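# Topology and contacts: notes
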Amino acid sequence: DPPAIDADFYDTSAKLSPEDRALQLKVRAFLEAEVKPIVNKYWLHDEFPFEIIPKLAELNVCGYVYEGYGCAGGTSLMDGIIASEFGRIDPSIATFLGVQSGLAMGSIYLCGSEEQKAEWLPAMQQLKKIGAFGLTEPLVGSGTAGGLTTTCKREGDTWILNGQKKWIGNSTFSDITIIWARDLDDQQVKGFIVRKENPGFAVEKIKGKMALRIVQNGLITLTDCEVPESDRLVNANSFKDTAKVLQMTRAGVAWMAVGCARGAYENALEYTLHREQFGKPIASFQLIQNHLVEMLSNLTAMQTLVFRLSELQDDDKLKDEHASLAKVFCTLRTRDIVSRAREVMGGNGILLEYNVARFLADAEAIYSYEGTKEINSLIVGRSITGYSAFV
Ligand code: FAD
């Protein structure tokens with residue numbers, strides 16, 4: 001009999017406490033029961049399954065790492081494992097949670113005042129309020145660190161924001177979007193909690209994506225958008241503060257990629273064990289086994305790498321270059337794994353119902369967002385050589 005398919009070849013789960021292992025299995029069972037059966041349909045129709053929001057709230061893993069405000073105050077390691085479990089079933093729902101829990105709540109947690117945290121974090125933890133994170137612009141993607149063109153200007157107790165933000169996940173239905181803008185007075189990047197009802201705020205859905213189709217990405221236009229001073233993130237004083245949020249969320253993306261790769265690999269392995277050609281299961285052919293082993297080798301390297309990444313995070317030793325290296329390595333290897341997974345399945349590899357095509361497509365978006373391979377490589381390159389090669 002072939003062994004059960006649970007691709008944790010070096011048994012990383014053995015390092016978890018019984019409580020953490022139980023949480024991992026609870027999250028997995030939830031995703032298998034509630035998310036897996038519905039995602040292909042929503043992915044195909046380019047729609048978000050709003051029915052999942054109250055169920056996710058009940059699962060109670062949003063804002064898992066934060067202390068207080070109704071959050072669990074858990075470890076980064078478990079936060080990563082949760083992201084990976086989500087990625088294993090559906091990278092879109094994993095991304096929805098990553099934006100809500102990491103980018104949006106993280107900006108408020110790391111850069112907000114006590115009042116702002118108390119107002120938003122408990123409601124966002126419960127998914128009663130949904131958040132988005134607006135950094136990228138139509139003409140400025142990789143170059144956001146020095147080149148934001150969205151501006152803000154203070155007029156009394158009101159800030160006036162102008163510009164556009166592209167690709168903003170969840171923004172078509174979010175209650176708030178964290179908007180990053182350059183102050184016309186001191187030229188520094190500042191962050192704002194922009195409510196959907198703020199005058200001058202408009203969102204248009206980005207249509208026609210071939211990846212992460214469940215994630216609703218918006219093009220935001222800010223036209224003399226008015227934001228009160230009380231909604232400015234008080235501890236966001238330059239792009240360095242934005243980068244603190246990205247350091248945390250890039251680690252999460254690396255974990256999510258591990259999940260995406262694992263989902264594709266497990267589905268492909270299962271398929272090869274049952275699919276027969278020339279009178280034998282295709283898993284018995286040497287060339288198929290070579291693909292499977294290549295996939296598993298990369299997956300195992302990724303799993304052990306992110307495990308150590310989160311230990312550094314939990315020891316407060318995580319640096320930008322650590323998160324960037326993991327993001328590059330895991331998303332690059334994931335691309336290789338999903339394409340091999342699709343390959344060993346022949347034609348069925350491109351059909352949604354066989355549960356690999358979605359991973360194949362979604363891996364492309366994960367590869368590009370939260371800093372491309374080039375940008376994250378340059379962050380690592382700068383740290384190991386001392387030379388910044390961005391421009
Ligand atoms: P560009 O910056 O135009 O890059 C094009 C190419 O040039 C890339 O290969 C890049 O690596 C390369 N390049 C650029 N500069 C250099 C350099 N100095 N050296 C070498 N190569 C270079 N953003 C948000 O703010 N919020 C979100 O919620 C969000 N969600 C997203 C969801 C999806 C599905 C996608 C696809 C994107 C999302 N993004 C979001 C935006 C994402 O972060 C950007 O797409 C990404 O940072 C790259 O920017 P760009 O697409 O403008 O590419």
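Residues numbered from 1 in each chain as written. Predicted model: local features only at pLDDT ≥ 70, side-chain atom pairs only at ≥ 80, totals over all residues. Heavy atoms only, no water.

## Focus: the overall build of the chain
We apply this condition: Strands are runs of DSSP state E lasting at least 2 residues, helices are runs of H or I lasting at least 4, and numbering of each runs from the N terminus. The reference for a compact globule is 2.2 Å times residues^0.38; the radius of gyration itself is calculated from the C-alpha atoms. Note on exposure labels: buried denotes an accessible area under 20% of the residue type's maximum, exposed denotes more than 50%, and partly exposed covers the range between, all computed with a 1.4 Å probe on protein chains only.
For the chain, the helix and strand inventory stands at 11 helices and nine strands. Here the C-alpha atoms of the chain give a radius of gyration of 21 Å, agreeing with the 21 Å that 2.2 N^0.38 yields for 391 residues. Counting only C-alpha atoms and orienting by the principal axes, one finds that the chain spans roughly 80 × 50 × 40 Å. Here the chain holds 391 residues, and 55% of them are scored as buried.

## Focus on the pairing of strand E3 (residues 158-169)
To be explicit about the condition: In this analysis, strands are considered paired if DSSP registers two or more bridges between them.
Two elements, strand E2 (residues 151-155) and E3, share five bridges in a ladder whose sense is antiparallel. Its bridge partner being in E3, Glu-155 is matched across the sheet by Thr-158. Two successive antiparallel strands, E2 and E3, enclose a turn made up of two residues, where Gly-156 displays a positive phi of approximately 65°. Direction of pairing for E3 relative to strand E7 (residues 217-228): antiparallel, over a ladder of nine bridges. Within the sheet, the bridge partner assigned to Ile-160 lies in E7 and is Glu-226.

## Focus: the site of the ligand
We count it as follows: To be near a molecule or strand, a residue needs just one of its heavy atoms within 4 Å of it. N or O atoms closer than or at 3.5 Å make up a polar contact, with two conditions inside protein: a donor-capable atom paired with an acceptor-capable one, and, for residues adjacent in sequence, both atoms drawn from side chains. Shrake-Rupley sampling with a 1.4 Å probe provides the accessible areas, and residues are treated as covered by the protein chains on show and by no other component. Residue polarity is assigned by list, with Asp, Glu, Lys and Arg as charged and Ala, Val, Leu, Ile, Met, Phe, Trp, Tyr, Cys and Pro as nonpolar; anything else, Gly included, falls into the polar class.
In the vicinity of the ligand, 19 residues are found, and the nearest of them are Thr-136, Ser-142, Thr-372, Glu-374 and Phe-390. Side-chain polar atom of Thr-136 to a nitrogen atom of the ligand: 2.7 Å apart, as the coordinates give it. Phe-390 has a polar backbone atom sitting 2.8 Å from a nitrogen atom of the ligand. The protein chains hide 67% of the 990 Å² of surface that the ligand would expose on its own. Counting residues per element, the ones that place at least two in the shell around the ligand are strand E1 (131-134), E3, helix H10 (357-368) and helix H11 (373-385). Of the residues belonging to the shell around the ligand, the class tally is nine nonpolar, eight polar and two charged.

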